Amino acid sequence: MPAAPKAEPAATAGLRQHLALAALVLGALAIAFSPIFVRLSEIGPTATGFYRAILAVPPLWLWWRFMPALPRVSAAGSGRRLPPLALILVPGLLFAGDLFFWHLSIQYTTVANATLLSNFAPVIVTLGAWLVLREKITAAFLVAMLVAICGALMLVGASFQLGGTNVFGDMMAFATATFYGAYMIAVAKLRGRHGTQELMLWSSLVTGLALLPMVWVMGEGLLPATAGGWLTLFGLAWISHALGQGLIAYALGHLPASFSSLVVLIQPVAAAGFGWLWLGEGLQPLQLAGGAVVLVGILLARRAQMNGGG
């Protein structure tokens, strides 16, 4: 009978969690650049999403080919490797749905509505983490999540409007949250037995292939007009997707999915700051206060997670 694997020393486990948290924050900051890249893109939103995924494949392949992952089993993993088809298809299709509905929501509702409703993903992730990953969700964590979401509402400010002509777009934005939440759950589950490299490589390839026919359905062109347009797409693919989503996928192998989804709310806070710096978009006092409240919610969630919840 084979010997049971040795437990990881507490110091090593603590260091691994700190590295995963740093990766999660850096990943959230990297994906915060995506609205700027999408705004600067010279082609349509679905075509931009296609290039976001497909142009990330070469660097992800190099990462996978020359930096093989060490075996790592997280609490989310089952006792056996999941079928290769699940590894290839599920996260990629879910992320394709996330990008498609996000870009569609921007066309049919206000940017404020799309931003806020799409950031309800932590609610979806927390529910999925409890049902699928069997994570313990405490009352302290739920309070922290509520605080962070209230901060996101403040960040959007008075621009948020329900009803009227925005209903369809609002539904698309909430579909975005659902797809991204399900994507995070799938990644957390698969990261139990699969390395970040292979997961990101195959899911990105599937995302790009799934979005390509939708570019034709939406009637969008595929070729940017200038070299700057191509640079924008490469920046989106390499910084926001390969780096940002790759770091988040790594973190999901070491941190609870519910907590990770809440930390990713740093993304709209950082995006507002980047918009102010590079696009000249003004920041109101309510938005600044909202960003601070989001950070307070994340700190409360971290405390709850360290105390055994979330």
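To be clear, the structure that these remarks concern was listed above.
Reference entry: report on the structure contained in this document. (Residues numbered from 1 in each chain as written. Predicted model: local features only at pLDDT ≥ 70, side-chain atom pairs only at ≥ 80, totals over all residues. Heavy atoms only, no water.)

**Thoughts on the overall build of the protein**
Part 1: Summing up its helical and strand segments, the protein has 14 helices and zero strands in all.
Part 2: Relative to its full complement of 310 residues, the protein shows a buried share of 50%.
Part 3: Taking contacts inside the protein between residues at least 6 apart in sequence as the whole, the part at least 24 apart equals 91%.
Part 4: Accessible surface for the protein amounts to roughly 14,600 Å². Of this, 73% is attributable to carbon and sulfur atoms. (Helix = DSSP H or I, 4+ residues; strand = E, 2+ residues; numbered from the N terminus. Buried < 20%, exposed > 50% of the residue type's maximum accessible area, 1.4 Å probe, protein only. Contact = heavy atoms within 4.5 Å. Areas by Shrake-Rupley, 256 points an atom, 1.4 Å probe, with all protein chains shown as cover.)

**Things to note about helix H3 (residues 45-54)**
In an α-helix, one full turn covers 3.6 residues, which means residues spaced three or four apart are oriented alike.
Part 1: Burial analysis of H3 places nine of its 10 residues in the buried class, the great majority of the element.
Part 2: Within H3 the residues assigned to the buried category are Thr-46, Ala-47, Thr-48, Gly-49, Phe-50, Tyr-51, Arg-52, Ala-53 and Ile-54.

**Let's talk about the nonpolar core**
Buried together is how nonpolar side chains tend to be arranged in soluble globular proteins.
Part 1: Tyr-180, Tyr-183, Met-184 and Ile-248 are the most contacted members of the largest nonpolar core, which totals 65 residues.
Part 2: Examining the composition of this core, we find that 11 residues originate from one element, helix H9 (residues 167-190), more than from any other.
Part 3: Not counting the four nearest positions on each side in its chain, Tyr-183 is found in contact with Pro-91, Leu-94, Phe-95, Met-200 and Gln-245.
Part 4: The next biggest cluster of nonpolar side chains, apart from the first, holds five residues, and it includes Ile-36, Ala-270, Ala-271 and Phe-274. (Core = buried A, V, L, I, M, F, W, Y, C linked by side-chain atoms within 4.5 Å.)

**Topic: helix H14 (residues 285-306)**
Part 1: End to end, H14 covers 32 Å across 22 residues, agreeing with the expected 32 Å (1.5 Å per residue, within 8%).
Part 2: Restricting attention to buried positions, one finds in H14 the residues Gln-287, Gly-290, Gly-291, Val-294, Gly-297, Ile-298, Ala-301, Arg-302, Ala-304 and Gln-305. One face of H14 carries all of its buried residues, which in axial projection span an arc of 165°. In H14, the exposed residues that point more than 90 degrees away from the buried face are Pro-285, Leu-288, Leu-299, Arg-303 and Met-306. (Expected span 1.5 Å × (residues − 1). Arc of directions from axis to C-beta.)

**What about the packing of aromatic side chains?**
Part 1: Evaluated as defined, the whole model comprises 11 aromatic pairs.
Part 2: Relative to Trp-238, the ring of Phe-234 lies with its centre 5.3 Å away and its plane at 75°, an arrangement referred to as edge-to-face. Residue Phe-234 and its partner Trp-238 are both found in helix H11 (residues 227-251); the two are separated by four residues, about one turn of the helix.
Part 3: Classification of Trp-238 by relative accessible area gives partly exposed; the value is 43%. (Phe/Tyr/Trp six-rings, centres within 6.5 Å; stacked < 30°, edge-to-face > 60°.)

**Describing the side chain of Ser-204**
Part 1: Its location among the elements puts Ser-204 in helix H10 (residues 196-217).
Part 2: According to the relative accessible area criterion, Ser-204 is buried, its value standing at 1%.
Part 3: Every residue in contact with Ser-204, bar those within four places of it in the chain, is listed here: Ala-53, Val-57, Leu-60 and His-241.

**Concerning a nonpolar patch on the surface**
Part 1: There is a patch of nonpolar side chains on the surface, built from Trp-61, Leu-62, Trp-64, Phe-66, Met-67 and Trp-202 and spanning about 630 Å² of accessible area.
Part 2: Take the nonpolar patch: its biggest share by element is four residues, from helix H4 (residues 57-66).
Part 3: Inspection of the secondary structure assignment puts Trp-64 in helix H4. (Patch = residues over 30% accessible without salt bridge, like charges linked within 9 Å, V, L, I, M, F, W, Y side chains within 5 Å. Salt bridge = Lys/Arg side-chain N within 4 Å of Asp/Glu carboxyl O.)

**With respect to unusual backbone geometry**
Part 1: Positive phi outside glycine occurs at Arg-134, with the angle close to 60°.
Part 2: By the secondary structure assignment, Arg-134 is in the loop between helix H7 (121-131) and helix H8 (139-156).
Part 3: Residue Arg-134 is classed as exposed on the basis of its relative accessible area, which comes to 67%.

**What to know about the packing of H3 against H10**
Part 1: Here H3 crosses H10 at 160°, and the two axes come no closer than 8 Å. Taken together, the axes of H3 and H10 are roughly antiparallel relative to one another. For the element pair H3 and H10, the recorded crossing hand is left-handed. Each of Thr-46, Ala-47, Gly-49, Phe-50, Ala-53 and Ile-54 in H3 lies in contact with H10, whose residues at this interface are Ser-204, Leu-205, Thr-207, Gly-208, Leu-211, Leu-212, Met-214 and Val-215.
Part 2: Its residues assigned to classes, the contact of H3 with H10 comprises nine nonpolar, five polar and no charged. (Axes fitted to C-alpha atoms, helices over the stretch in contact; angles between N-to-C directions. Parallel < 35°, antiparallel > 145°, perpendicular 65-115°, else oblique. Left-handed = near helix turned anticlockwise from the far one by under 90°. Nonpolar A, V, L, I, M, F, W, Y, C, P; charged D, E, K, R; others polar.)

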